[in-house]
Structures are given as C-alpha cells and as structure tokens.
Amino acid sequence: MRSDTWDDGVSYESYVGRWSRAVAKSFLRWLAIPRGAAWLDFGCGTGAVTQTILADADPRLVIACDRSPGYLACARERMPDVRAQFIVAQLPELPRIDGGFDVVVAGLVLNFLPVPLDGMTAMMTRVRPGGT
C-alpha cells in the first residue's frame, strides 16, 4: 500500500522540512518579535519553524497547525514543550485565540496552496490589530 507523501513526516523532512530548518533562524531574527508573544504557525509541517520559535523567540504560546495528522505526530514527538499546541486545521478554519495572535507565520506553505491569497486572508483574520 502506497502512503500519502503529504502525511509521512519522514518524507516531508527530506523534501520541505530541511529547507524550513535552514531558513527559520534567519526568518525569526528578521521578524524581531518581542519575547512572550502568542504565535500561530500555519502549515507547520513537522514543526521546523515551531521548534525554532520555541528555542529562540521565548514565546508564551505557539499553536502550530497543519492539515496532516502524520506531520503533527512527528512535531509532537520532537517538541514536548508545554507552550506548544499542535492542531489539525486547514483553510479557512485556522485556530483562534481571544484577542488574536501577536504573530502569524507560514514558513514555506503559501506556495503549496491552490489560492495563496486564501491563506493570507485567513492569517490576517487571526492576528491581533497591530500584530505581525
């Protein structure tokens, strides 16, 4: 039986995850988000950006979401951090928090969406006024 590449964390790591890990530190440094922020990581895959947020940005909360339960299982296994939540979600129903997220990111995901503007629109509705 052939597995779905878009649900196999090991396959994802060798295809997209390795690139996410390579750019995550520079990306977060460029964003320069203050410590203690609430983050939404949309299309988190196996959690490369989430892992960097947890390690380098000192967030109060990171909700990482992806449509793939298999990717999220890999992410949960790698990151047992209490500040992180991993949620199966897809457009347009991304997670929400009261007041909105301080920052919403989508590392290397918009290019995989049939209509990237739908992803941007959903992200904008989840960020607080004045957020990133």
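Calculation notes
- Residues numbered from 1 in each chain as written.
- Predicted model: local features only at pLDDT ≥ 70, side-chain atom pairs only at ≥ 80, totals over all residues.
- Heavy atoms only, no water.
- Helix = DSSP H or I, 4+ residues; strand = E, 2+ residues; numbered from the N terminus.
- Buried < 20%, exposed > 50% of the residue type's maximum accessible area, 1.4 Å probe, protein only.
- Pairing = 2+ DSSP bridges.
- Salt bridge = Lys/Arg side-chain N within 4 Å of Asp/Glu carboxyl O.

1. Considerations on the environment of Leu-113
Here's step 1: Note on placement: Leu-113 falls in the loop between strand S4 (103-105) and helix H4 (116-124).
Here's step 2: For Leu-113, a relative accessible area of 17% gives the class buried.
Here's step 3: When the C-alpha atoms of Leu-113 and Gly-43 are compared, they prove to be 10.0 Å apart, with 70 residues separating the residues in sequence.

2. A closer look at the pairing of strand S3 (residues 84-88)
Within a regular beta strand, the side chains point alternately toward one face of the sheet and then the other, so they alternate between its two faces.
Here's step 1: Relative to S3, strand S2 (residues 61-66) is paired through five bridges, and the arrangement is parallel. When the sheet's bridge partners are listed, Ile-63 is paired in S3 with Gln-85.

3. A closer look at the pattern of salt bridges
Here's step 1: Enumeration over the complete set of coordinates arrives at five salt bridges.
Here's step 2: Between Asp-56 and Lys-25 there is a salt bridge, with its nearest N and O atoms 2.7 Å apart. Here Lys-25 lies in helix H1 (residues 9-31) and Asp-56 lies in helix H2 (residues 48-57), a separation of 31 residues in the sequence.
Here's step 3: Here Asp-56 falls in the partly exposed class, since its relative accessible area comes to 37%.
Here's step 4: Here Lys-25 falls in the partly exposed class, since its relative accessible area comes to 46%.
Here's step 5: Salt bridges linked by common partners bring Asp-58, Asp-81 and Arg-83 together as one network.

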